[in-house]
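Structural description and commentary
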Amino acid sequence: MALFGKNITRRGLFKTAAVTGATAAAIHVLTGCSHPAEETIPNDPVVVEENSATTVLGEDGAYEYIEREFESRGEWELPLGNVLHEGEGTWLPVTTAGASAMPMVKCSAFSLTSGELTEVVPAPITPNSPNVVIYDARCSDRAYAWVELDTLTKDWSLYAAKFANGTLSGSPNTLWQGSSDWDPPRFAVTGNKVIWQVMPSLWGNKTSEMSHCYLWKTGSANATDVVESLGRFATAPSVSGDTVTLAPRVRNDEGTYYGITAYSLSDDMETIIDRLVMPENVRPFHAVRMGDVFALSVEASYGYGGLLGSMGTYIGTAEGSFASVPLEPFANIAGSKNGLFVVKSRASYYVVDYKNHGYTFLGAADRCVDYGEYPARVGQTDTFVTFSTIKSPDTGYPASVLVRAFAL
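Owing to the predicted nature of the structure, the values given are computational and were not obtained by experimental measurement.

Before going further, it helps to spend a moment on the overall build of the chain. Helix and strand counts for the chain stand at 0 helices and 36 strands. Whereas a compact globule of 408 residues would reach a radius of gyration of roughly 22 Å, the chain reaches 21 Å, a difference of no more than 12%. Expressed as lengths along the three principal axes of its C-alpha atoms, the size of the chain is roughly 65 × 60 × 35 Å. Across the 408 residues of the chain, 55% fall into the buried class. Here the analysis covers contacts within the chain between residues at least 6 apart in sequence; of these, 49% occur between residues at least 24 apart. Here the chain displays about 17600 Å² of accessible surface, and carbon together with sulfur accounts for 47% of that area. Here the chain carries 29 positive and 45 negative side-chain charges, and the mean point of each set is 7 Å from the other.

Given below as structure tokens:
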């Protein structure tokens, strides 16, 4: 990979890139964590019988349907072309379609407190690159990160900056740059931390390279190489409470196994909290640890691997006791601290009360079925947020983007 035209390794230098052209400062990548207590973490594949799960929607009555209304915490209408992304705080990251082809996309932030949509990055900042567009964005209430992608060369850059009250604070930092041999990073922002994965593209010239996950804190001169994976990570970083969940390759001497692993955020991912190893060759689609259990989904039926080799969403632990929602998964899973799990279906949400063996529904917004409604939360939250493109009742054409928030 190359930063600013110089050939260096993934443990090379980062440099800051200010919108105003301020003097660059060097940021070094530190050696990663060794996870010394990893030998105490479960490392055996979880292979259980397909009929061993408690099916949430089953006819045996193990999970009882409960009538429940969810208190609305707000409903806002935004212009077409706004896409919300997962966020943890009162400000949520948004990519906004530009008013013209240049810029094609802008970075914005939406306030759940005021309903305000604020422009954060009005145009790409990658220098001397007329074909660059803003590709993705994430934020917390303290940090904002975004990816810029060259539509011709597929080169990309990951930028981040301090963030407060809807605006960037200080100069953006260039955290990473990569060529088309490397996928644009999957990343998360929590508190003052940015966590991102650098993985070789399936169609590039670096397919045999290792994948790495890095962590950087705003104002720091250093980033840390926190997790290494032989091959690609299966899932994006998913933050919930004081943990972040990744799915690196494990048991590398024995085959292809993905270890859904929760790392502590309190010590910058030095400590592994828990792990659930998938059956051989079974790749999880989404995964997050909430409370003491993992919520994970599988998007295909493999025909092997037992229960976890079948399409669906599963809530459970490495001990092999699971609740199952045997439907096609569409998004990552959010929920509450008191054991609620919100599982998106095609046209609504199943809200699973894992502790009390109950479930209910949260309906999608009216006139959104053609385009779908999606969550803008992942992991534990007390406010579940959704967004959807709404059709006009008069013309049947898309008219606005509706954001809804509910108490969990």
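On the secondary structure map, Val-194 appears in strand S17 (residues 193–198). For the pair Val-194 and Phe-406, spaced 212 residues apart in sequence, the C-alpha to C-alpha distance is 27 Å.

Okay, the pattern of salt bridges next. For the structure on display, the rule yields 11 salt bridges. With a shortest N-O distance of 2.7 Å, Arg-138 and Asp-136 are connected by a salt bridge. Taken individually, Arg-138 and Asp-136 each receive the classification buried, so the pair is uniform in this respect. Put simply, Lys-217 and Asp-268 hold a salt bridge, and the shortest N to O gap is 2.8 Å. Residue Lys-217 is located in strand S18 (residues 211–217), and its partner Asp-268 is located in the loop between strand S23 (257–264) and strand S24 (272–277); the two are separated by 51 residues in the primary sequence. Within the structure, one salt-bridge network assembled from shared partners comprises Asp-44, Arg-251 and Glu-254.

Moving on: the sheet that holds strand S8 (residues 82–84). Overall, antiparallel pairing links the 4 strands, which are arranged S8-S9-S10-S11 in an open sheet. At either margin of the open sheet sits one strand with a lone partner, and together these are S8 and strand S11 (117–121). Here the average twist between neighbouring strands, direction ignored, is 35°. Of the strand pairs in this sheet, S8 and strand S9 (residues 91–97) are connected by 3 bridges, and their pairing is antiparallel. The partner of Asn-82 across the bridge, within S9, is Thr-96.

Here the focus is the confidence of the model for the chain. Averaged over every residue, the pLDDT of the chain is 90; the share at 70 or more is 91%. Throughout residues 1–26 the model reports pLDDT below 50, and contacts reaching past four residues in sequence, or to other chains, amount to 70 contacts.

With respect to the helices and strands, Tyr-371 occurs in the loop between strand S32 (358–363) and strand S33 (373–375). Between the C-alpha atoms of Tyr-371 and Thr-389, which are 18 residues apart in sequence, the distance is 6.2 Å. In this structure Tyr-371 touches Thr-389, Lys-391 and Pro-398, once residues within four positions along its chain are discounted.

As a further point, take the packing of aromatic side chains. Within the structure shown, the criterion is met by 16 aromatic pairs. Aromatic side chains Tyr-302 and Tyr-304 sit 5.7 Å apart centroid to centroid with 65° between the ring planes, which places their arrangement in the edge-to-face category. Measuring from centroid to centroid gives 6.5 Å for Tyr-374 and Phe-387, while their planes differ by 40°, and the two rings are tilted. Placement of Tyr-374 in strand S33 and of Phe-387 in strand S35 (residues 383–391) is noted, with a sequence separation of 13 residues between them. With relative accessibility at 31%, the residue Tyr-374 sits in the partly exposed group. By relative accessible area, Phe-387 is classed as buried at 12%. Put simply, the rings of Trp-91, Tyr-144, Trp-146, Tyr-159 and Phe-163 touch in pairs and so form one group of aromatic residues. Sitting over the ring of Phe-330, Lys-344 keeps its end group 5.7 Å from the ring centre.

In terms of residue burial, strand S30 (residues 340–344) counts as a mostly covered element, since 5 of its 5 residues are buried. As paired elements, strand S29 (residues 334–335) and S30 share 2 bridges and run antiparallel to each other. For Gly-335, the partnering residue across the bridge sits in S30 and is Phe-341. Bridge analysis of S30 against strand S31 (residues 348–353) gives 5 bridges, and the strand direction is antiparallel. What sits directly across from Val-343, in S31, is Tyr-350.

Read from one edge of the open sheet, 4 strands run S7-S36-S35-S33, paired in antiparallel fashion. Both outer strands of the open sheet, strand S7 (72–78) and S33, are each paired with one neighbouring strand and no more. With strand direction ignored, the average angle separating the axes of adjacent strands in the sheet is 20°.

The next subject is the state of the cysteines. Under the defined criterion, the tally for this structure stands at 0 disulfides. Left unpaired, Cys-139 is separated from the closest cysteine sulfur, that of Cys-107, by 9.6 Å.

A few words on the pairing of S9. The element S9 is largely enclosed, with a buried count of 6 among its 7 residues. Two successive antiparallel strands, S8 and S9, enclose a turn made up of 6 residues. The pairing of S9 with strand S10 (residues 105–111) spans 7 bridges and is antiparallel. The residue of S10 that forms the bridge with Thr-95 is Cys-107.

About the thresholds
- Residues numbered from 1 in each chain as written.
- Predicted model: local features only at pLDDT ≥ 70, side-chain atom pairs only at ≥ 80, totals over all residues.
- Heavy atoms only, no water.
- Helix = DSSP H or I, 4+ residues; strand = E, 2+ residues; numbered from the N terminus.
- Rg over C-alpha atoms; globule rule 2.2 N^0.38 Å.
- Buried < 20%, exposed > 50% of the residue type's maximum accessible area, 1.4 Å probe, protein only.
- Contact = heavy atoms within 4.5 Å.
- Areas by Shrake-Rupley, 256 points an atom, 1.4 Å probe, with all protein chains shown as cover.
- Lys, Arg positive; Asp, Glu negative; His and termini not counted.
- Charge placed at Lys NZ, Arg CZ, Asp CG, Glu CD.
- Salt bridge = Lys/Arg side-chain N within 4 Å of Asp/Glu carboxyl O.
- Pairing = 2+ DSSP bridges.
- Axes fitted to C-alpha atoms, helices over the stretch in contact; angles between N-to-C directions.
- pLDDT = per-residue confidence, 0-100.
- Phe/Tyr/Trp six-rings, centres within 6.5 Å; stacked < 30°, edge-to-face > 60°.
- Lys NZ or Arg CZ within 6 Å of the ring centre and 35° of its normal.
- Disulfide = S-S within 2.5 Å.

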